[in-house]
Amino acid sequence: YNMKLKWTLFILLTLIFTGCKQEEWKDWKIHNEAWLVQNATQEGIIKTHTGLQYKVIRPGIGNQRPDDLKQVLINYRGTLITGIDANGDLIAGREFEVGKQTVMGVNTVIAGFAEGLKKMHKSGKYILYIPYQLGYLGLGQGAKGTMGYIPPYSTLIYEVELIDVF
């Protein structure tokens, strides 16, 4: 009986905490969802069946595309949306990952980033617009107050240049 009570309390507290977190970030979630709806109407934006949006800046060369078993050498930079500028235009916002060159496995990144990489060709450059469902969900990432912090329900915007696939 005591163990059953402990589990019931644990589940109840978990549901309460999750509900509070969702309520705390409700406006941000709605803002990000609305931003993606607007972004999808912009010229050159392609939307996949999963909800990933991307724009081809430079198509790249060759027929080789990364798959889950490949590693890639990329330059990338990640930002969040921030809202509307003085002209009423939607703008990209705070950088959470400063542009850098790195090697990574396609199967080691968030779902939206992996999906975007698999569409690219060597020397291609894309902008990926990743909805929270393909990113860090309602959990967020990192420590609040740090440069790398990503709030729950955030749309992630990555500028990615695929240098090599191996």
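### What about the overall build of the chain?
Across its full length, the chain holds 3 helices and 6 strands. Listed N to C, the secondary structure of the chain is α-α-β-β-β-β-α-β-β in terms of helices and strands. Counting every position in the chain, which comprises 166 residues, the buried fraction comes to 36%. Counting contacts in the chain only where the partners sit at least 6 residues apart, residues at least 24 apart contribute 73% of the total.

### Some details on the pattern of salt bridges
Inspection of every chain in the model, using the stated rule, returns 5 salt bridges. For Asp 68, the salt bridge is made with Lys 118, and the minimal N-O distance between the two is 3.0 Å. Linking Asp 68 in the loop between strand 2 (53-58) and strand 3 (71-84) with Lys 118 in the loop between helix 3 (111-117) and strand 5 (125-130), this pair joins segments that are 50 residues apart in sequence. The class of Asp 68 is partly exposed, set by a relative accessible area of 38%. Judged by relative accessible area, which is 30%, Lys 118 ranks as partly exposed. Asp 164 serves as the salt-bridge partner of Lys 122, at 3.5 Å between the closest nitrogen and oxygen. Within this pair, whereas Lys 122 is found in the loop between helix 3 and strand 5, its partner Asp 164 is found in strand 6 (residues 156-165), the two being separated by 42 residues in sequence. Overall, the relative accessible area of 33% leaves Lys 122 in the partly exposed class.

### Quick notes on the environment of Leu 139
If you trace the backbone, Leu 139 turns up in the loop between strand 5 and strand 6. Leu 139 sits in the exposed class, given a relative accessible area of 61%. Taking the C-alpha atoms as reference points, Leu 139 and Ile 150, 11 residues apart in sequence, are found 8.9 Å from one another.

### Brief notes about the confidence of the model for the chain
Looking at the chain, pLDDT values average 84 and 80% of them are 70 or higher. Here residues 13-19 is a poorly scored stretch, pLDDT under 50, and it has 0 contacts once near neighbours within four places are set aside; other chains count.

### Concerning the side chain of Glu 115
Along the chain, the position of Glu 115 falls in helix 3. Despite its burial, Glu 115 pairs with no opposite charge; the closest candidate is Lys 119, at 4.7 Å N-O. At 2.6 Å, the side chain of Glu 115 forms a polar contact with the side chain of Thr 50. When neighbours within four sequence positions are excluded, Glu 115 is seen to be in contact with Thr 48, Thr 50, Leu 52 and Leu 134.

### A word on the environment of Ile 61
For Ile 61, the location among the structural elements is in the loop between strand 2 and strand 3. In this structure the C-alpha to C-alpha distance between Ile 61 and Gly 124, which are 63 residues apart in sequence, comes to 7.1 Å. Once residues lying within four places of it in the same chain are set aside, the contact partners of Ile 61 are His 121, Lys 122 and Ser 123.

### Looking at the packing of aromatic side chains
Here the structure, examined in full by the defined rule, presents 6 aromatic pairs. Ring geometry for Trp 35 against Tyr 129: centres 5.8 Å apart, planes inclined by 40 degrees, an arrangement best described as tilted. Here Tyr 129 lies in strand 5 and Trp 35 lies in helix 2 (residues 26-39), a separation of 94 residues in the sequence. According to the relative accessible area criterion, Trp 35 is buried, its value standing at 5%. Taking the centre distance of 6.1 Å and the plane angle of 50 degrees together, the rings of Tyr 76 and Tyr 158 count as tilted. Linking Tyr 76 in strand 3 with Tyr 158 in strand 6, this pair joins segments that are 82 residues apart in sequence. An aromatic cluster of at least three residues, connected via ring pairs, comprises Tyr 76, Phe 113 and Tyr 158.

About the thresholds
Residues numbered from 1 in each chain as written. Predicted model: local features only at pLDDT ≥ 70, side-chain atom pairs only at ≥ 80, totals over all residues. Heavy atoms only, no water. Helix = DSSP H or I, 4+ residues; strand = E, 2+ residues; numbered from the N terminus. Buried < 20%, exposed > 50% of the residue type's maximum accessible area, 1.4 Å probe, protein only. Contact = heavy atoms within 4.5 Å. Salt bridge = Lys/Arg side-chain N within 4 Å of Asp/Glu carboxyl O. pLDDT = per-residue confidence, 0-100. Lys, Arg positive; Asp, Glu negative; His and termini not counted. Polar contact = N/O pair within 3.5 Å; in protein donor to acceptor, adjacent residues only side chain to side chain. Phe/Tyr/Trp six-rings, centres within 6.5 Å; stacked < 30°, edge-to-face > 60°.

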